[in-house]
Amino acid sequence: MAAVLGVSAHYHDAAAALVVDGRIVAAMQEERFSRIKNDPSLPRRAARACLALGGIAAADLDAVVFYENPYAKLERVVVSLAREYPRSFRQFSPALGGQLGSKLWVLDQIADMLGVERRIVRFVEHHESHAACAFLCSPYADAAVLTVDGVGEAATTALWRGEGSALRCLGAIDFPHSLGLLYAAFTAYLGFEVNEGEYKVMGLAAHGQPRFREELARVLRLERDGSFTLEPKYFAHGTDTDVGFSPALETLLGPRRPPGRAFDLEADSDDRRCADVAASLQLATEEALLGLARAARERTGATALCLAGGVALNALANARLAREAGFERVFVPPAAGDAGGALGAALLGARDLGDPRPAALATAALGEPFDAGAAVDLARALGLAALPVPDASEAAAARIAAGKVVALCRGRFEFGPRALGQRSLLADATRAESRERLNRVIKQREPFRPFAPSVTAAAARAFFADAPNDMTPFMTTVCRTAPERAAALPAVVHVDGTARVQTVTAASAPDLEPILAAVGRETGVPVVLNTSLNGAGEPIVAGPVEALAFFLQHPVDALVIGDALIERSAS
Amino acid sequence: MNAAPKRGFLRRLASRAVTLAGVFRHFAHRRRFFLMPLVFVLLLAAVLLAATGGLAYVAPFLYTLF
């Protein structure tokens, strides 16, 4: 029986996760505390919060496990720089400075941060962390596991066989051939921020036609055995770290889109071209993943598939895999990216110390709770009329049904990039104006970006064709909307007829389920629009301080914080 | 959890020695042995690099390589 802390840091999405006696106690991203989106720094506050929640002192930890091998990473950096020399000349100083000046010593930094013995701090491989996060959190005893991301130590893609608590690597594809780097390079080409704008590319893809399919086939070659290669001349990962693509890509597809320019998909032909590029990229990515998944099915014979790595956050692709790859069930954890690596590392550490595999992950609410009474006191100190209500869920539901936008801050915050009913903005899914108001006024996002619906698991099938399934509790897939229902849910159905559905039970989202039930009683439609509680460019709210700040800065109608209600009109 | 206790200089030095041993073990593998001289020269150069202030430069794609 052991207490193990997992840590990811230094690249993006730093996080900490605590596993005690094989049970997942807590998992949190540093960005929630530091308020820096995708914060890569050592997860000092997240680790502290995890330990506090587990009632454990750092000195009582049996192991601290970092999510990747710093020595193998150094090797790849050195080899890549040497291979690209002299074109990599400009990268030499920052790259080796970053490695040798800081990242190589990460295990020492973690020991210093926690004040623990260096001997209990160790590492596991990057893709093994991803695989463990997906498989050991899944409900499957036996599964094929695919890990697909930008790059770990050297691997960018790996196939695993998961049986019981064991994970066996069956093969890998190495840098520079990477679906994650392909998607990231196109994200930059389309004028979005790398590591942040990939969701926007996905949303944009639905507005375009994949007319650049042949051009994409020159960039990404799919092999007969299910693997893939990238054509190096279109990329500049070793020489231009600002965008990652070369001028040859602009020759192939046209000029890049300037960052920050407002989108006008109706009037601007260049924006329509960009939407077509996004659609072509999305199609190529899906077909590459399908090739990998079909090969995994053939090679392992498993009937279930687990996916993790940054590319597994592509909900559209996950839906295609579930439909077409030949598996009966597919699971993607809520924090499929590098943050989830911290949880995977902790689970591997616990397993290696003899602890049992945890129960299947039932909820993503693994973050820090807050004191509801103190939150009310703080609200009142700020001059807000925070009124305790007998049933906060009923109060929220009544306002949502009346067309109001309600911010919800209850319980422990979520682990991963999705708001799943603990730190959410909720609105009526049946009103198109909900989407417009949220996109343009409250969140100030691109108008083409869709919003997701949350629906009770019991009613899901009536609205969405493929729900519920193993991914829908965590919003890691999309579902086709039942044709007769699409018109009734204009705020949450995307132009392609899909929706990134969250199916809700009392176990998966205990604070959202009663709200959905109450909305269902009032309107007959137990569906709400659910988007993350954060302003533009900010991490999702962590606790009451940020929730109240959000309420003061953004024109939402009400805030439910703990068991209290704050209304805009009253305040 | 209280703030981590300040670790002594010797303990921190011992900790770094563990990491250096890890680097040595990794590059002592027969497939990577030829990289060892380069890595250890670079480790020495790291001291100079750290003094340049150039470490603050972070580009969005930097993680792809480094």
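Reading the values: the criteria
Residues numbered from 1 in each chain as written. Chains lettered and ligands numbered in written order. Predicted model: local features only at pLDDT ≥ 70, side-chain atom pairs only at ≥ 80, totals over all residues. Helix = DSSP H or I, 4+ residues; strand = E, 2+ residues; numbered from the N terminus. Rg over C-alpha atoms; globule rule 2.2 N^0.38 Å. Buried ≥ 20, exposed ≤ 12 C-beta atoms within 10 Å, placed from the backbone. Contact = placed C-beta atoms within 7 Å. Core = buried A, V, L, I, M, F, W, Y, C linked by C-beta atoms within 7 Å. pLDDT = per-residue confidence, 0-100. Arc of directions from axis to C-beta. Axes fitted to C-alpha atoms, helices over the stretch in contact; angles between N-to-C directions. Parallel < 35°, antiparallel > 145°, perpendicular 65-115°, else oblique. Nonpolar A, V, L, I, M, F, W, Y, C, P; charged D, E, K, R; others polar. Pairing = 2+ DSSP bridges.

**Notes on the overall build of chain A**
Point 1. What chain A contains, in helices and strands, is 20 helices and 22 strands.
Point 2. For chain A, the C-alpha radius of gyration of 23 Å lies close to 25 Å, the compact-globule estimate for 571 residues.
Point 3. Each principal axis of the C-alpha atoms in chain A carries an extent, and together these give about 65 × 60 × 45 Å.
Point 4. Out of the 571 residues in chain A, the part that is buried amounts to 61%.
Point 5. For chain A, long-range pairs separated by at least 24 residues make up 73% of all intrachain contacts whose partners lie at least 6 apart in sequence.

**Details of the overall build of chain B**
Point 1. Per the secondary structure count, chain B includes three helices and zero strands.
Point 2. By residue count, 15% of the 66 residues in chain B fall in the buried class.

**Here's the deal with the nonpolar core**
Residues and elements named next belong to chain A.
Point 1. Counting 210 residues, the largest nonpolar core has Leu305 and Ala346 as its most contacted members.
Point 2. If you tally residues by element for this core, the top one is helix H11 (residues 269–300), at 14 residues.
Point 3. Leu305 has contacts with Ala143, Ala144, Leu146, Ala293, Ala296, Leu321, Ala325, Phe327 and Val330, leaving out every residue within four places of it along the chain.

**Section: the confidence of the model for chain B**
All names here are of chain B.
Point 1. Of all residues in chain B, 52% attain a pLDDT of 70 or more, and the chain-wide mean is 68.
Point 2. Model confidence for chain B, summarised as mean pLDDT per element, is weakest for helix H3 (residues 62–65) at 48 and strongest for helix H1 (residues 9–27) at 87.
Point 3. Here residues 50–66 scores under 50 on pLDDT; set against residues more than four positions off or in separate chains, the count is 44 contacts.
Point 4. For this predicted complex, the interface confidence reaches an ipTM of 0.83, while the overall pTM sits at 0.93.

**Here we look at helix H16 (residues 432–442) of chain A**
All names here are of chain A.
Point 1. Buried residues of H16: Ser434, Arg435, Leu438 and Ile442, and no others. Around the axis of H16, the buried residues are gathered within 115° of arc, so they sit on the same side. Among the exposed residues of H16, those pointing more than 90 degrees away from its buried face are Ala432, Glu433, Glu436, Arg440 and Val441.
Point 2. Buried residues in H16 make contact with strand E15 (423–428) and strand E20 (527–532).
Point 3. Positive backbone phi, at 50°, marks Gln444, one or two positions downstream of H16.

**A word on the packing of helix H3 (residues 70–84) of chain A against helix H4 (residues 89–101) of chain A**
All names here are of chain A.
Point 1. It is at 10 Å that the axes of H3 and H4 come closest, and there the two elements cross at 170°. What the angle tells us is that H3 and H4 run roughly antiparallel. Across the interface between the two elements, Leu74, Val77 and Leu81 of H3 pack against Gln91, Phe92, Ala95 and Gln99 of H4.
Point 2. Partitioning the contact of H3 with H4 into residue classes produces five nonpolar, two polar and no charged.

**Description of the sheet that holds strand E4 (residues 63–66) of chain A**
All names here are of chain A.
Point 1. Spatially, E3-E2-E1-E4-E5 is the arrangement adopted by the five strands of the open sheet, whose pairing is mixed. Each end of this open sheet is capped by a strand with a single partner; those strands are strand E3 (23–29) and strand E5 (121–123). Direction aside, the axes of adjacent strands within the sheet are offset by 20° on average.
Point 2. Judged from the six bridges that link them, strand E1 (residues 3–8) and strand E2 (residues 15–20) form a sheet pairing that is antiparallel. Across the sheet, Val4 pairs through a bridge with Val19, a residue of E2.
Point 3. Running at roughly 150° to E1, helix H13 (residues 338–352) makes contact with E1, E2, E3 and E4 of the sheet.

**What to know about the sheet that holds strand E8 (residues 166–174) of chain A**
Residues and elements named next belong to chain A.
Point 1. Ordered in space as E8-E7-E6-E11-E12, the five strands form an open sheet in which the pairing is mixed. Looking at strand neighbours, the two that pair on one side only are E8 and strand E12 (329–331), the edges of this open sheet. The average angle at which neighbouring strand axes cross in this sheet is 20°, direction not considered.
Point 2. Sheet analysis places strand E7 (residues 155–163) next to E8, joined by eight bridges and oriented antiparallel. The partner of Ala158 across the bridge, within E8, is Ala172.
Point 3. Contacting strand E6 (142–148), E7, E8 and strand E11 (304–308), H11 crosses the sheet at an angle of about 150° to E6.

**Topic: helix H14 (residues 372–381) of chain A**
Because each turn of an α-helix spans 3.6 residues, side chains separated by three or four positions end up pointing in the same direction.
All names here are of chain A.
Point 1. Residues of H14 that are buried include every one of Ala375, Val376 and Ala379, and no others. Along the long axis of H14, the arc covered by the buried residues comes to 100°, so they all point the same way. Exposed residues on H14 whose side chains face more than 90 degrees from its buried face are Gly373 and Ala381.
Point 2. The inward-facing, buried residues of H14 abut strand E13 (386–388), helix H20 (544–553), strand E21 (558–561) and strand E22 (564–567).
Point 3. Once H14 finishes, Gly383 follows within two positions and takes phi at roughly 85°, a positive value.

**Digging into the pairing of E21 of chain A**
Residues and elements named next belong to chain A.
Point 1. In E21, alternate side chains face the same way, and those of Ala558 and Val560 on one face and Leu559 and Ile561 on the other are all buried.
Point 2. Inspection of the sheet shows strand E14 (residues 406–409) paired to E21 by four bridges, in the parallel sense. The residue of E21 that forms the bridge with Leu408 is Val560.
Point 3. The pairing of E21 with E22 spans four bridges and is antiparallel. Bridging from a neighbouring strand, Ala558 pairs with Glu567 of E22.
Point 4. In sequence, E21 turns back onto E22 through a hairpin of two residues, with Gly562 there showing a positive phi of about 60°.

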